[in-house]
Amino acid sequence: MQIGSTVVAVVRAEQNGGGSPAIVARWNPYTIMPACTYQSFTGVLANSHHLLKTSDGQVLFTYGDRAQTNRPTSRNDDQ
């Protein structure tokens, strides 16, 4: 996803079937030497995840596991 000149991506990796960390990476690809910033969420047990831009320019990170009835949603206010 791109917001202004910032690219935001989430990467997940399975770890022993007990949930996985989700790493949120941000960078500006238009700079000569792009520098990344990272944020980590632990225990993200998910079949899928999505990043959505809200009407006020924030990023909404959603994820879910079809096997669970409670599917958490987190709002990231740290653009």
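Undergrad: When you look at the overall build of the chain in this model, what are you seeing that I'm missing?
TA: Counting its regular elements, the chain contains zero helices and seven strands. Shown N-terminal to C-terminal, the secondary structure of the chain runs as helices and strands in the order β-β-β-β-β-β-β. Relative to its 79 residues, the chain shows a buried fraction of 29%. Residue pairs in contact within the chain that sit at least 24 positions apart in sequence constitute 25% of those at least 6 positions apart. As displayed, the chain offers around 5200 Å² of accessible surface, 51% of which is attributable to carbon and sulfur atoms.

Undergrad: What should I look at first to understand the side chain of arginine 26 in this one?
TA: Assignment of secondary structure puts arginine 26 in strand 3 (residues 20-27). Taking relative accessible area as the criterion, arginine 26 reaches 8% and is therefore assigned buried.

About the criteria used
- Throughout this description, residue numbers start from 1 for each chain and increase along the sequence as written.
- For this predicted model, a pLDDT threshold of at least 70 governs which residues receive local features, and a threshold of 80 or more governs which side-chain atom pairs are given and counted, while totals over whole chains, interfaces and linings are taken from all residues.
- For the side-chain quantities, the full set of heavy atoms in the structure was used; hydrogens and water were omitted.
- Here a helix means four or more residues in a row that DSSP labels H or I, a strand means two or more in a row labelled E, and each is numbered from the N terminus.
- Relative accessibility decides the category of a residue: with a 1.4 Å probe and only protein chains considered, values under 20% of the type maximum give buried, values over 50% give exposed, and everything between is partly exposed.
- The contact criterion used throughout is that any non-hydrogen atoms of two residues lie within 4.5 Å.
- Here the accessible surface of atoms and residues is derived via Shrake-Rupley with a 1.4 Å probe, and residues count as covered only by protein chains that are part of the display.

This is a description of form; function is not addressed.
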